[in-house]
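# Chain and residue survey
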Amino acid sequence: MKLTLRVWRQKNADTPGAMATYQLDGVSQDMSFLEMLDILNEELIVKGEEPVAFDHDCREGICGACSLVINGDAHGPERTTTCQLHMRSFQDGDTIDIEPWRASAFPVIKDLVVDRSAFDRVIQAGGFITAPTGAAPEAHATPVPKADADFAFEHAECIGCGACVAACPNGAAMLFTSAKVNHLNVLPQGSPERETRVLDMVSQMDAEGFGGCTLTGECATACPKGIPLFSITAMNKEWLRATRKVKR
Amino acid sequence: MALTFWQSTLGKKIVMGVTGLIMIGYLCAHLLGNMKIFFGPGEFNGYGHWLRVMGAPVLHHQWGLWIARIVLVAAVVLHAVSAYQLSRRDIKARPQGYVHAKPRMSYATRTMRWGGVILALFIVWHILDLTTGTTHSGGFQEGHPYQNVVDTFSTWYGNVIYIVAMLAMGMHVQHGFWSAAQTLGAGSRSRDRALKATANGLAILLTAGFISIPVGVMTGVVS
């Protein structure tokens, strides 16, 4: 395959960036999208140019490190992570636009790499349970109804990649926050902090400068893990309940 | 607590949802009342008079009407202020857009903000036209709403403004009703079809119902 790549190049957070065009030949349809970028970078290094910086880690679709907005879609045209996207999803001769996640809460560090530590701070605000340290407790000691376990698991699938923020026209982190809130709030292990968790995580989400939800559904469409839009509805319900219960 | 609520993006959205539902409720009542226009000037003008004596003898003349007006103005103001503040925040959250941008959301969803502005302007015109009579075409008559409505819809611009605004209202209600349900935590996977059907039904009924009035005047059914 022969491709024209238009890639966002930005030296660092303080320097304005721009799209740069590269021609890439000899791309196999069986390559993953990131392997295609590896080939580009090898060519750039041989030419003595700066390689394109992009985030990646497991390349198995489970860690949430990879990002990229490809032709306007977070993680590209398939509903998966960029590392699990293959070049067979593109045609020979295609022009592909590659941009970083765009949100004021996710500032660009270099090229396609953005700082997603805002998500870590949202987790720190309440995405944990109070558990005694020491030996692991007997797993059967706390019964969890099957329906609750399924609900928790559906939300626990979130890998925190930030595609929801990238896809949202408002740069909102509602789907990420709701996945984390719902995952723990439905389980008995998470119930001691049920109210404070949702209040603290939502207020941290706001403090990070993410936008608000206008229920466009773009986040759930882009999510590589299929977190449903109703996750946000469930968090709204938890938040309303918590505001009634907790006096601040 | 109230401050926590107002300062949160979720709290502001809940304010928008509740005030939006109040306004949808008002639109339904307003449409039902307006339908009396198809039963002649006696019925319609009588309904207009009743609005002024609503709640009597407990309420003084026009008090019922003014209570409704105050609630509605509060709803409109809270809805608009929340929308403005949230929109400012949303725009700030994406300072740099994508080079490769795709319009993906439905037309109704994309036009919520400007549709809302159009509706606010329409409400101002509507009140100046048929409540105060300030911009009314051809002699506004206090206490003769039937004749005033016929006068308004006898002008081409009256029809155009009204019909465009009602189409905008229908789209606003379609996305707004469903969104309010999600914001208030009432939505779920199993309830989604019913909620979407209710949103579409409300939007179609309200739009068609209100548009039937200028169409009635234009076709001579109301004259």
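In what follows, the structure referred to is the one given above.
Everything quoted here is computed from the prediction, not taken from an experiment. (Residues numbered from 1 in each chain as written. Chains lettered and ligands numbered in written order. Predicted model: local features only at pLDDT ≥ 70, side-chain atom pairs only at ≥ 80, totals over all residues. Heavy atoms only, no water.)

## Thoughts on the interface of chain B and chain A
How big an interface is tends to be expressed through the accessible area that disappears when the partners come together. Counting residues at the interface gives 38 residues for chain B, matched by 44 residues for chain A. Summed over both sides, the interface between chain B and chain A buries roughly 3,500 Å², with carbon and sulfur atoms accounting for 55% of that surface. Across the chain B-chain A interface, the total number found is 3 salt bridges. For E154 of chain A, the salt bridge goes to R189 of chain B, with nearest N and O atoms at 2.8 Å. Scanning the region where chain B abuts chain A turns up 23 residue pairs in polar contact (both at pLDDT 80 or more). Put simply, the parts of the chain that give the side of chain B that touches chain A at least two residues each are α1 (2-7), α2 (9-34), α4 (63-93) and α8 (156-183) of chain B. (Contact = heavy atoms within 4.5 Å. Buried area = accessible area lost by both parts, 1.4 Å probe. Salt bridge = Lys/Arg side-chain N within 4 Å of Asp/Glu carboxyl O. Polar contact = N/O pair within 3.5 Å; in protein donor to acceptor, adjacent residues only side chain to side chain. Helix = DSSP H or I, 4+ residues; strand = E, 2+ residues; numbered from the N terminus.)

## Looking at the pattern of salt bridges
On inspection of all chains with the given rule, the structure shows 17 salt bridges over all chains. With a shortest N-O distance of 3.1 Å, D55 of chain A and R116 of chain A are connected by a salt bridge. With D55 of chain A in the loop between α1 (33-46) and β3 (69-70) and R116 of chain A in the loop between β7 (113-114) and α2 (117-126), this residue pair connects regions lying 61 residues apart in the sequence. Relative accessible area serves as the criterion here: at 13%, R116 of chain A is assigned to the buried category. Its salt-bridge partner being D73 of chain A, residue K102 of chain B comes within 2.9 Å of it at the nearest N-O pair. In this pair, K102 of chain B is assigned in the loop between α4 and α5 (107-110) and D73 of chain A in strand β4 (residues 73-74), connecting two distinct chains. For D73 of chain A, a relative accessible area of 13% puts it in the buried group. (Buried < 20%, exposed > 50% of the residue type's maximum accessible area, 1.4 Å probe, protein only.)

## Looking at the side chain of R94 of chain B
Within the element layout of this structure, R94 of chain B appears in the loop between α4 and α5. Despite its burial, R94 of chain B pairs with no opposite charge; the closest candidate is E218 of chain A, at 9.0 Å N-O. At 3.2 Å, the side chain of R94 of chain B and the backbone oxygen of A166 of chain A are in polar contact. Leave out the neighbours within four places in its chain, and R94 of chain B touches R102, A103, V165, A166, C168, P169 and G171 of chain A. (Lys, Arg positive; Asp, Glu negative; His and termini not counted.)

## Looking at the packing of aromatic side chains
Residue and element names in this part refer to chain A. One pass over the full model with this rule turns up 12 aromatic pairs over all chains. Measuring from centroid to centroid gives 5.1 Å for F106 and F119, while their planes differ by 75°, and the two rings are edge-to-face. With F106 in the loop between β5 (95-99) and β6 (108-110) and F119 in helix α2, the pair connects residues that are 13 residues apart, well separated along the chain. Accessibility expressed as a relative area gives 1% for F106, which makes it buried. (Phe/Tyr/Trp six-rings, centres within 6.5 Å; stacked < 30°, edge-to-face > 60°.)

## A word on the layout of surface pockets
Computed from the structure, the second largest pocket encloses a volume of approximately 460 Å³. Lining of the second largest pocket is provided by 21 residues; of these, F151, F230, A234 and K237 of chain A together with G187 of chain B occupy positions nearest its centre. When contributions to the lining of the second largest pocket are tallied by element, the ones reaching two or more residues are α3 (146-156), α5 (174-185) and α8 (230-245) of chain A. No other element matches α8 of chain A, which puts 7 residues into the lining of the second largest pocket. A class-by-class count of the residues in the lining of the second largest pocket yields 6 nonpolar, 8 polar and 7 charged. (1 Å grid on protein atoms, 1.4 Å probe; cavity = no way out; pocket = protein on both sides within 12 Å on 5 of 7 lines; lining within 4 Å. Points joined across faces, edges and corners; volume = space filled by probe spheres on them. Nonpolar A, V, L, I, M, F, W, Y, C, P; charged D, E, K, R; others polar.)

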